[in-house]
Amino acid sequence: MAALDPLGTAARSGPRRKGARRTAARRLAALVLAVGVSVALPAASGSAAGLPQAPKDPKKKYAELQKRAAKLSKEYRGELVTLEETKKAAERAAADAARTDREYDAARADVARLASTAYMTGRLGVVPIISAAEPGAAVHDAAVVEHISRNNGRRLQALQALNARATQSQATAAKKLDAVEKEIKDLESQRTRVRKLLAKYKPEVTRTQAPAGRPDGVSGSKSSIIGNSMTARMRTALLAIDGRFGPFPAIGCSRPGDPQDHGSGRACDFMESTGGKMPSASAQAHGDQVAQYVISNASRLGIKYVIWKQRIYDMRGSGGWRQMEDRGSITANHYDHVHVSVL
């Protein structure tokens, strides 16, 4: 029985026939590579099963949420901490997703191009492939296919890993965007109550000059005050907290140039440790008591929110502690102090 070459033509003897068989075999192996790569390549960096699906137009959705968030910040007297942090996290996640998508698309196109070139030219950059019509060719052909697989395996594995990372990045971005929407809906649901709260506690400003000195500071406190300048409401809250739980290692209030509550005299940090160190177990328990006291007396003291142990309790929301994004240090994550902001 006449043997058939890879293209299905009858095998014939002679140097020309052998050369043709080698070329055909090379193209067959290239075709195997091309098909194998096409099968191995992830079709697209879409979300995997069970992961949050990104909205069809995330930019449009985010723009709409930004508009709602800006309106809330204006209505609710600014600094909606959890909302702002969630928005920033969503922006970082979206940027990461876009970057990994670009990397994935470029890598996938590169691998597909190499596979296509190999198929069209038969230039695999490997040892010559012996035709299946020649003695012992089966062993050699298997070795060549293994060689191709080994050389391209790392490229494919890297591409698959990149696809998985892109998919996860998209899922994270979708999750963060959902969190922004959830936070906005929660705040919007509290409009009637918050309006009454803000009507009760009118805005206050610090007064740094007066005939009798500095009426915006604190005197008679148990604890030393860093940045002793604040609104009358913050001073009342500070004296109530310090009088019950002081002395603290320090209380930090005014920070000139701060765009948020510390800069406007509406916030103080009640330190439970210094030097950026994690407080002792007893100091943490003390901080728990301070935070709970402030929450329990929020209506009387005009509290806006409390931050403690990387959590925030915002009186303008529906209630309860909310986990915050990781800011990278003990102090930035409020593990060594209880932050108190007033309306």
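For the structure, see preceding data.
What counts, and at which threshold
Residues numbered from 1 in each chain as written. Predicted model: local features only at pLDDT ≥ 70, side-chain atom pairs only at ≥ 80, totals over all residues. Heavy atoms only, no water. Core = buried A, V, L, I, M, F, W, Y, C linked by side-chain atoms within 4.5 Å. Buried < 20%, exposed > 50% of the residue type's maximum accessible area, 1.4 Å probe, protein only. Helix = DSSP H or I, 4+ residues; strand = E, 2+ residues; numbered from the N terminus. Contact = heavy atoms within 4.5 Å. Disulfide = S-S within 2.5 Å. Pairing = 2+ DSSP bridges. Expected span 1.5 Å × (residues − 1). 1 Å grid on protein atoms, 1.4 Å probe; cavity = no way out; pocket = protein on both sides within 12 Å on 5 of 7 lines; lining within 4 Å. Points joined across faces, edges and corners; volume = space filled by probe spheres on them. Nonpolar A, V, L, I, M, F, W, Y, C, P; charged D, E, K, R; others polar. Phe/Tyr/Trp six-rings, centres within 6.5 Å; stacked < 30°, edge-to-face > 60°. Lys NZ or Arg CZ within 6 Å of the ring centre and 35° of its normal. Arc of directions from axis to C-beta. Axes fitted to C-alpha atoms, helices over the stretch in contact; angles between N-to-C directions. Parallel < 35°, antiparallel > 145°, perpendicular 65-115°, else oblique. Left-handed = near helix turned anticlockwise from the far one by under 90°. Salt bridge = Lys/Arg side-chain N within 4 Å of Asp/Glu carboxyl O.

> Whenever I open this one, the nonpolar core confuses me. Can you help?
As a rule of thumb, soluble globular proteins bury nonpolar side chains together. With 29 residues, the main nonpolar core has Leu238, Ile241, Phe270 and Ile303 as its most contacted residues. For this core, the secondary structure elements donating two or more residues are helix 6 (232-245), strand 3 (267-271), helix 8 (281-296), helix 9 (298-301), strand 4 (303-308) and strand 7 (337-342). A per-element tally of this core places helix 6 first, with six residues. If near-sequence neighbours (up to four positions away) are discounted, phenylalanine 270 is found in contact with Leu238, Ile241, Phe248, Ala250, Ile251, Asp336, His337, Val338 and Val340. Formed by 15 residues, the second largest nonpolar core is a distinct cluster that contains Tyr76, Ala90, Leu187 and Leu343.

> Please clarify how the state of the cysteines should be interpreted in this entry.
Should the sulfur atoms of two cysteines be covalently bonded, the bond is a disulfide. Here the structure, examined in full by the defined rule, presents one disulfide. With a sulfur-sulfur separation of 2.1 Å, cysteine 253 is cross-linked through a disulfide to cysteine 268. Handedness here is read from the sign of the S-S torsion; for cysteine 253 and cysteine 268, about 110°, the answer is right-handed. One end of the pair, cysteine 253, is in the loop between strand 2 (251-252) and helix 7 (261-264); the other, cysteine 268, is in strand 3, with 15 residues separating them in the sequence. Neither cysteine 253 nor cysteine 268 differs from the other in exposure class; each is buried.

> When you look at the sheet that holds strand 7 in this model, what are you seeing that I'm missing?
Within a sheet, each strand pairs with its neighbour through backbone hydrogen bonds, oriented either parallel or antiparallel. In spatial order, the strands read 1-2-3-7-4-5-6; together these seven strands make up an open sheet with mixed pairing. Two strands close off the open sheet at either side, each with one partner strand: strand 1 (225-226) and strand 6 (322-323). With four bridges connecting them, strand 4 and strand 5 (residues 311-314) associate as antiparallel partners. Directly across from tryptophan 308, in strand 5, lies its bridge partner arginine 311.

> Explain the environment of threonine 231 to me, please; I cannot follow it from the model alone.
Of note, threonine 231 is situated in the loop between strand 1 and helix 6. In this structure the C-alpha to C-alpha distance between threonine 231 and leucine 343, which are 112 residues apart in sequence, comes to 9.8 Å. In contact with threonine 231, other than residues within four places in its own chain, are Glu204, Val205, Thr206, Ser264, Gly265, Arg266 and Val342.

> For this particular structure, what's the right way to read helix 8?
Because an α-helix packs 3.6 residues into every turn, residues spaced three or four apart end up facing the same way. In this model helix 8 runs 23 Å from its N-terminal to its C-terminal C-alpha over 16 residues, within 8% of the 22 Å that 1.5 Å per residue would give. Turning to helix 8, its buried residues are Ala283, Gly287, Val290, Ala291, Tyr293, Val294 and Ile295. Where helix 8 is buried, its residues meet helix 6, helix 9, strand 4, strand 5 and strand 7.

> Looking at this model, I keep getting lost on empty space enclosed by the protein. Mind explaining?
It is a probe the size of a water molecule, rolled over the atoms, that shows where empty space is left. In total, this model carries one cavity of 30 Å³ or more according to the counting rule given. What the largest cavity holds in volume is close to 60 Å³. If you list the elements that add at least two residues to the lining of the largest cavity, you get helix 4 (137-188) and strand 5. Partitioned by chemical class, the residues of the lining of the largest cavity number one nonpolar, five polar and four charged.

> What exactly am I supposed to notice about the side chain of lysine 309 here?
Relative to the helices and strands, lysine 309 resides in the loop between strand 4 and strand 5. Beyond its immediate chain neighbours, meaning those up to four positions away, lysine 309 contacts Gln284, Asp288, Asn333, His334 and Tyr335.

> Would you mind going over the packing of aromatic side chains with me for this structure?
Aromatic rings in a pair are described by how distant their centres are and how their planes are angled relative to each other. Summed over all chains, the structure comprises three aromatic pairs. Residues phenylalanine 245 and tyrosine 293 carry aromatic rings whose centres are separated by 5.4 Å and whose planes lie at 70° to one another, so their mutual orientation is edge-to-face. Here the residue phenylalanine 245 occupies a position in helix 6, and tyrosine 293 occupies one in helix 8, the gap between them amounting to 48 residues. The buried category is assigned to phenylalanine 245, whose relative accessible area is 13%. Given the relative accessible area of 13%, tyrosine 293 is considered buried. Between the NZ or CZ atom of arginine 311 and the centre of the ring of tryptophan 321, over which it lies, the distance is 4.2 Å.

> So what exactly am I meant to see when it comes to helix 5 (residues 191-200) here?
Among the residues making up helix 5, those that are buried are Arg191, Val194, Leu197 and Leu198. For helix 5, the buried positions fall inside an angular range of 125° around the axis, keeping them on one side. Residues of helix 5 that are exposed and point more than 90 degrees away from the buried face comprise Thr192, Arg195, Lys196 and Lys200.

> Hey, could you run me through the packing of helix 6 against helix 8 in this one?
In helix packing, the relevant descriptors are the interaxial angle and the interaxial distance, both defined with respect to the helix axes. Put simply, helix 6 and helix 8 touch, their axes get as near as 11 Å, and they point 140° apart. In terms of orientation, helix 6 lies oblique with respect to helix 8. Of the two possible hands of crossing, helix 6 and helix 8 adopt the one that is right-handed. Contact with helix 6, carried on its side by Ala240, Ile241, Arg244 and Phe245, involves His286, Gln289, Val290, Tyr293 and Val294 of helix 8 and no other residues of that element.

> It is not clear to me how the pattern of salt bridges should be interpreted in this structure. Could you clarify?
Two side chains bearing opposite charge may form a pair once their charged atoms approach each other closely. Evaluated as defined, the whole model comprises 12 salt bridges. Two residues, arginine 322 and glutamate 183, come together in a salt bridge whose shortest N-O distance is 2.6 Å. Here glutamate 183 lies in helix 4 and arginine 322 lies in strand 6, a separation of 139 residues in the sequence. Taking relative accessible area as the criterion, glutamate 183 reaches 10% and is therefore assigned buried. With its nearest N and O atoms 2.9 Å apart, the salt bridge here joins arginine 316 to aspartate 314. For arginine 316, a relative accessible area of 0% puts it in the buried group. Taken together, the salt bridges that share partners define one network made up of Glu64, Arg68 and Glu188.

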